[in-house]
Amino acid sequence: MPEEEIRASLDRLTKLSLLVPSARAQDLIPMNPQVSLGPMLEEIRVELVERQAALSRTQAAVAALATEYTVARVQAGGDGVERLNGLESVRVRLIELSRQATSEVRAFMPGGALSSAALEASRPLDEHNLDRGVRMQTIYLESVRNDAATVDYATWFTARGGQIRTVPSLPMRLILCDRSVAVIPVNEQVSREGAFIIRLGSVVAALEELFDLVWERAAPLGEPPVVDGDGPSERDLALLKMLEDGLTDEGIGRKLGVSIRTVRRLMADLLKRLNSQSRFQAGVEAARRGWL
């Protein structure tokens, strides 16, 4: 190699701390790349994590906007959306859609544990679909882990090939069939107002993306949720987001499917983790730690 090329290479290696001067200035000592380049790699890793988090937030925002767009289309009389009025019409239509499914049925099930009667009523249809080879994925709230009837049903469901996972909170009730049809409530808080059946391709695709995001961070029922001893758990983040949104204890309880007493216990645990005396202080501390 020409001398100038060698000197340029040595300068670059020195700048990267892969070569360091010895006690005698004319000598250079090679360093372990894992030690020298470790901080740079950590910076890249942190940047990637931040970009992934930003991507997830953007995808969720797009899904929310798509839902609002759908409502606007319905009000304007757009095509591709059917409105069902009343609980009975919704129930009948859901059975029809489920029986017509050929590849998969995916669902968000907020609201806590279902009654034993409701679970048994859904068993024949679930069994019919699983026997036909329809992939079924359902996400419940974490609170159902304390309900024996739901756990028993999940054991039967997974033994037949179905998949069930849980998360601390869900954005809404949602059913997706064959990646071509989506069912969402007209009003999440008032189920008797009915539901929309959506066949608009772009909207269904956005809701499928939302389901995928939630599914990836959900824990399989039967396995304890993974909690990082240093970072926030999914439940911690869900509680902080609800506080940020200004929800009352009652509203948080509805979102998590738990009692107000349980909400207050969860809040007390969160404040203890954040070494805070108040919810406001907990929010400030969570932001300081980078949780928010």
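Residues numbered from 1 in each chain as written. Predicted model: local features only at pLDDT ≥ 70, side-chain atom pairs only at ≥ 80, totals over all residues. Heavy atoms only, no water.

Asker: How would you sum up the overall build of the protein? Please name residues and give values.
Answerer: From N to C terminus, the protein includes eleven helices and ten strands. In summary, the protein has a C-alpha radius of gyration of 26 Å against a globular reference of 19 Å for 292 residues, an excess of more than 25%. With respect to the three principal axes, the spread of C-alpha positions in the protein is 85 × 50 × 45 Å. Put simply, the protein has 292 residues, and 35% of those count as buried. Contacts spanning at least 24 positions in sequence make up 68% of the contacts within the protein whose residues lie at least 6 apart. Counting every atom, the protein has about 17,200 Å² of accessible surface; 54% of that belongs to carbon and sulfur. (Helix = DSSP H or I, 4+ residues; strand = E, 2+ residues; numbered from the N terminus. Rg over C-alpha atoms; globule rule 2.2 N^0.38 Å. Buried < 20%, exposed > 50% of the residue type's maximum accessible area, 1.4 Å probe, protein only. Contact = heavy atoms within 4.5 Å. Areas by Shrake-Rupley, 256 points an atom, 1.4 Å probe, with all protein chains shown as cover.)

Asker: Any details on unusual backbone geometry? Residues and values, ideally.
Answerer: Even without being glycine, Ser17 reaches a positive phi, approximately 65°. With respect to the element layout, Ser17 can be found in the loop between helix H1 (3-15) and strand S1 (19-21). Taking the relative accessible area as the measure of exposure, Ser17 reaches 36% and is therefore partly exposed. Despite not being glycine, Asn275 shows a phi value in the positive range, around 55°.

Asker: So what about the layout of surface pockets? Which residues, and what values?
Answerer: The gaps left among the atoms become clear once a water-sized probe is rolled over them. By volume, the second largest pocket amounts to about 1,500 Å³. Along the walls of the second largest pocket sit 49 residues, with Leu94, Met109, Leu114, Arg173 and Ile175 positioned nearest its centre. Where the lining of the second largest pocket is concerned, the elements lending two or more residues are helix H4 (87-100), strand S4 (104-109), helix H5 (116-131), strand S5 (135-141), helix H6 (148-159), strand S7 (174-177), strand S8 (181-185) and helix H9 (249-256). Of the residues forming the lining of the second largest pocket, the biggest block, eight residues, is contributed by H4. Class assignment for the residues of the lining of the second largest pocket results in 31 nonpolar, ten polar and eight charged. (1 Å grid on protein atoms, 1.4 Å probe; cavity = no way out; pocket = protein on both sides within 12 Å on 5 of 7 lines; lining within 4 Å. Points joined across faces, edges and corners; volume = space filled by probe spheres on them. Nonpolar A, V, L, I, M, F, W, Y, C, P; charged D, E, K, R; others polar.)

Asker: How would you sum up the packing of helix H8 (residues 234-244) against helix H10 (residues 260-273)? Please name residues and give values.
Answerer: Running from N to C, H8 and H10 point in directions that differ by 105°, and their axes come no closer than 11 Å. If you check the angle between H8 and H10, you find them roughly perpendicular. Side by side, H8 and H10 meet where Arg235, Asp236, Leu239, Leu240 and Leu243 of the first sit next to Leu266, Met267, Leu270 and Arg273 of the second. (Axes fitted to C-alpha atoms, helices over the stretch in contact; angles between N-to-C directions. Parallel < 35°, antiparallel > 145°, perpendicular 65-115°, else oblique.)

Asker: Got a sec to walk through the packing of aromatic side chains? Specific residues and values, please.
Answerer: Scanning all chains against the criterion turns up four aromatic pairs. Ring geometry for Tyr153 against Phe157: centres 6.3 Å apart, planes inclined by 25°, an arrangement best described as stacked. Here Phe157 and Tyr153 lie together in helix H6, a separation of four residues that amounts to about one turn. Between Arg123 and the ring centre of Trp156, over which it is positioned, the NZ or CZ distance is 4.5 Å. (Phe/Tyr/Trp six-rings, centres within 6.5 Å; stacked < 30°, edge-to-face > 60°. Lys NZ or Arg CZ within 6 Å of the ring centre and 35° of its normal.)

Asker: So what's going on with the packing of H4 against H5? Residues and values would help.
Answerer: Relative to each other, H4 and H5 sit at 20°, their axes nearing to 9 Å. Of the possible angle classes, the one that applies to H4 and H5 is roughly parallel. The hand of the H4/H5 crossing is left-handed. When H4 is examined against H5, the residues Ile95, Ser98 and Arg99 are found in contact with a partner set consisting of Leu125, His128 and Asn129. (Left-handed = near helix turned anticlockwise from the far one by under 90°.)

Asker: How would you explain the environment of Glu127 if you had to name every residue and give the values?
Answerer: Inspection of the secondary structure puts Glu127 in helix H5. For the pair Glu127 and Gly161, spaced 34 residues apart in sequence, the C-alpha to C-alpha distance is 9.7 Å. Not counting chain neighbours up to four residues away, the residues in contact with Glu127 comprise Trp156 and Arg160. A polar atom in the side chain of Glu127 sits 2.9 Å from the side chain of Arg160. (Polar contact = N/O pair within 3.5 Å; in protein donor to acceptor, adjacent residues only side chain to side chain.)

Asker: Kindly report on the environment of Thr14, identifying the contributing residues and their values.
Answerer: As for its placement among the helices and strands, Thr14 is situated in helix H1. Measuring from C-alpha to C-alpha, the distance between Thr14 and Ile29 comes to 9.6 Å, with 15 residues separating the pair along the chain. In contact with Thr14, not counting residues within four places along its chain, are Leu19 and Leu28. A distance of 2.7 Å separates a polar atom in the side chain of Thr14 from the backbone oxygen of Leu10.

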